[in-house]
Amino acid sequence: MPEKIIQIPKAKIIPHTLEKHGQVRTDNYYWLNQRENPEVIEYLNQENDYYQQSTAHTSAFQKSLFEEMKARIKEDDESVPYFYNGYYYITRFEKGKDYPIHSRKKGSLEAKEEILFDCNEMAKGLTYFNLAGLSISEDNTMCAFGVDSVSRRQYTIQIKNLVSGEILPVKLENTTGGSTWASDNKTLFYSRKDEITLRADKIYKHKIGTAADKDSFVYFEKDETFDVSVYKSKSKKYVIINSSSTMTTEYQTVLSSTPDAKFKVFQKRTRGLEYSMSHFGDHFYIVTNKDRSTNFKLMKTPEEATSKENWVDVIAHRDDVLLEDIDIFKDYLVVSERFNGLNHIRIMPWSGNGEYYLPFDSETYMAYTTTNLDFDTEMLRYGYQSLATPASVIDFNMKTKEKNVLKEHEVLGGKFDKNNYTEERIWATAKDGTKVPISMVYRKEILKNGKNPLLLYAYGSYGVTMDCHFSSVRLSLLDRGFIFAIAHVRGGEDLGRKWYEDGKLLKKKNTFTDFIDCSQFVIDEKYTSSQHLYAEGGSAGGLLMGAIVNMEPKLYNGVVAQVPFVDVVTTMLDDTIPLTTGEYDEWGNPNVKKYFDYMLSYSPYDNVIAQDYPNLYISTGLHDSQVQYWEPAKWVAKLRVLKTNNNQLYLDTNMDAGHGGASGRFEAIKEIAKEYSFLLDLEGIKK
């Protein structure tokens, strides 16, 4: 029987003219943004069919990879309980089930378990399910929760009576999922989204026993570059509204005991002034970039005098240390800092005597404070992991300095031993002389002979730091000879705030050239070669992937681009698309010509040319609210016409999911198995 010829999809060309600043662009695939158009769905299905048929020879391998990854996961796992307001709270999984069960126990871990939510039951009959924003009233009788069953991050908030078990009939639609209770245990504050842009722009309050359409309007954020949220201070004294954009923040407060009073502005917004605040005693403590404190400093101000002229320094600004966050306790201030790209946790007694840092030895680790809800305790809970060390949750006595490892993530199967792996941090030199760190992990027997497959990952936007986390699924690559590496490129905040500033707006190309220089460095140092080098990034990291394959396609054998942001100019000019206006401080406003011209010079979709491209696996979700599905769809359609070689090009659209992919823990692993089988197949590794 003759072999079936696999039909390569071809999107219809319908020229659409876009004009701005006197420049005319023709977008042949603009029509793909019509989500309800049957021809659009047909094209996406054709691409999915092409991907499935072209990779049919790897389907058995994908399944075995999935089973291998799943077998390392403790299926009946549970979180370390945390104690809050009289109850221990636990999240656990049962064997064979995709979703968590949320429960609590009163006063003691030996007490009877009270099931709050069984997400497996709630998700029945749904292709996507996400529970978020659990918020429990101070009297422990009510719990507000948000549900998204589409993957568009538009949550419906409901309320459960924890005494009777009844879910109240009221539904608060189109919210962020987040909410917070006032101290009267009947007033719930929550944030609602714009129906079109999905920007969180309104704060409402709901009173138990009233209809949703009777909810009181509290605040509208009219500036389209800002989002709003609402929460309660750790001290429980204040309900706080936060308005934030990329470069500016503003807070408003009201006493939690008087939820119907008028909110008071803490410090009015001033462009470029960023601050966050925590309440303790009769003061607020403020992490801020005030006074040109690029790496942030800690200040404090009296409760009754909150404007910036009253702020005084507690920890001064330092050029070489990024102050990331604080945790406040009755007798201790805990400061999370970053120096030389690494986390540090600093313990400072309020008495002023005997401050110290927690000791960490590795250069490829991450350490972070976790759930610390209690003021009056000497115990600090923090997490630790590295590229080769599973995540641990640790209780640390700040007075005695005794540490208790409550849990280390268990890797099942009996084959994993962290001593079989080497962790390393190396420094590449970028073209402008800047030293860029690369963190990597690989099996100890690997030789630097240029023949190893290497997967280089990066993100590089929004000041997001790519810390060195452990992944049990990643072992499926490492144990087959792959090196895994993270390029800590500019645009993240890995080496401080300036590292971020040097990779955004009119310096965005530093992100791309840093990644290319890191790629060249691992080749020059014989970790790998261009025949065995692979790149991966998602969302804004997918933009990075799109840029590097246009700029230096011959450096890579294959690239994985997850939900990639690749049509930068057209998206940033369309203020009806979710998130666009809030992104101006990150990418620039293309309505201003200098930003338009700069974006156009790197936008991956606009810069596809007739040249050879590496093998590409591109994934998206039809309901993605962050990066619309049509960006990768248009990019693939254009690549199909212009690329000059026969390398693989796949568009894999999850027709049921959004930006975060599949919702179940095992369904999400199936998506990783697809990516890994793509990489391993290119290396000729079949099992």
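Because the structure is a prediction, the values reported are computed rather than measured.

**Remarks on the overall build of the chain**
For the chain, the helix and strand inventory stands at twelve helices and 37 strands. Compactness check: the chain gives a C-alpha radius of gyration of 26 Å against a globular reference of 26 Å for 687 residues, within 12% of the reference. Reported as C-alpha extents along the three principal axes, the dimensions of the chain are approximately 75 × 55 × 50 Å. With 687 residues in all, the chain has 57% of them scored as buried. For the chain, contacts bridging at least 24 residues in sequence account for 55% of all contacts bridging at least 6.

**Some remarks on the packing of helix α1 (residues 38-54) against helix α11 (residues 630-642)**
The contact between α1 and α11 brings their axes to 12 Å, and the two run at 65 degrees. Remark: the crossing between α1 and α11 carries left-handed chirality. Contacts between α1 and α11 involve Y43, L44, E47 and Y50 from the former and A633, V636, A637 and R640 from the latter. Residue classes in the contact of α1 with α11 are distributed as six nonpolar, no polar and two charged.

**Overview of the side chain of E631**
Among the structural elements, E631 can be located in helix α11. K634 is the oppositely charged side chain nearest to the buried, salt-bridge-free E631, at an N-O distance of 7.6 Å. Those residues in contact with E631 that lie beyond four places of it in its chain are P564, F565, V566, D567 and T571.

**Quick word on the side chain of S677**
Relative to the helices and strands, S677 resides in helix α12 (residues 665-682). S677 sits in the buried class, given a relative accessible area of 2%. The residues touching S677, leaving out its near neighbours within four places in the chain, are T58, F61, Q62 and L65.

**Observations concerning the pairing of strand β24 (residues 342-349)**
Judged by how many residues are buried, β24 sits mostly within the fold: seven of eight residues are covered. Two strands pair when backbone bridges link them, and strand β23 (residues 332-339) and β24 are joined in this way by eight bridges, in the antiparallel orientation. Each bridged residue has a counterpart across the sheet, and for V335 the counterpart in β24 is R346. Between β23 and the antiparallel strand that follows it, β24, lie two residues; N340 among them carries a positive phi value of about 55 degrees. Between the antiparallel neighbours β24 and strand β25 (residues 356-357) lie six residues, among them G352 with a positive phi of about 90 degrees.

**Quick notes on α11**
Between its terminal C-alpha atoms α11 stretches 18 Å, which fits the 18 Å expected from 13 residues at 1.5 Å a residue. Of all the 13 residues making up α11, eleven are buried; the element is thus mostly covered by neighbouring parts of the structure. For α11, the complete set of buried residues consists of W630, E631, P632, A633, K634, W635, V636, A637, K638, L639 and R640.

**Let's talk about the environment of S293**
Position of S293 among the secondary structure elements: in the loop between β19 (283-288) and β20 (297-302). Sequence spacing of S293 and P604 is 311 residues, and the spatial spacing of their C-alpha atoms is 34 Å. Apart from the residues lying within four places of it in its own chain, the contact partners of S293 are T288 and H317.

**Considerations on the sheet that holds strand β14 (residues 227-232)**
The sheet built from four strands is open, its strands ordered β14-β15-β16-β17 with antiparallel pairing. This sheet does not close on itself; its edge strands, each paired only once, are β14 and β17 (264-265). As paired elements, β14 and strand β15 (residues 238-244) share six bridges and run antiparallel to each other. Within the sheet, the bridge partner assigned to V230 lies in β15 and is I241.

**Considerations on the pattern of salt bridges**
What the rule picks out here adds up to 45 salt bridges. Here D606 makes a salt bridge to R25, at a shortest N to O gap of 3.2 Å. Placement of the pair is D606 in the loop between α10 (593-602) and β36 (615-621) and R25 in strand β2 (residues 23-27), with a sequence separation of 581 residues. Given the relative accessible area of 21%, D606 is considered partly exposed. Judged by its relative accessible area of 13%, R25 falls in the buried class. Linked through salt bridges whose partners overlap, the residues forming this network are E274, E493, R497, E501 and K504.

Conventions and cut-offs
- Residues numbered from 1 in each chain as written.
- Predicted model: local features only at pLDDT ≥ 70, side-chain atom pairs only at ≥ 80, totals over all residues.
- Heavy atoms only, no water.
- Helix = DSSP H or I, 4+ residues; strand = E, 2+ residues; numbered from the N terminus.
- Rg over C-alpha atoms; globule rule 2.2 N^0.38 Å.
- Buried < 20%, exposed > 50% of the residue type's maximum accessible area, 1.4 Å probe, protein only.
- Contact = heavy atoms within 4.5 Å.
- Axes fitted to C-alpha atoms, helices over the stretch in contact; angles between N-to-C directions.
- Left-handed = near helix turned anticlockwise from the far one by under 90°.
- Nonpolar A, V, L, I, M, F, W, Y, C, P; charged D, E, K, R; others polar.
- Lys, Arg positive; Asp, Glu negative; His and termini not counted.
- Salt bridge = Lys/Arg side-chain N within 4 Å of Asp/Glu carboxyl O.
- Pairing = 2+ DSSP bridges.
- Expected span 1.5 Å × (residues − 1).

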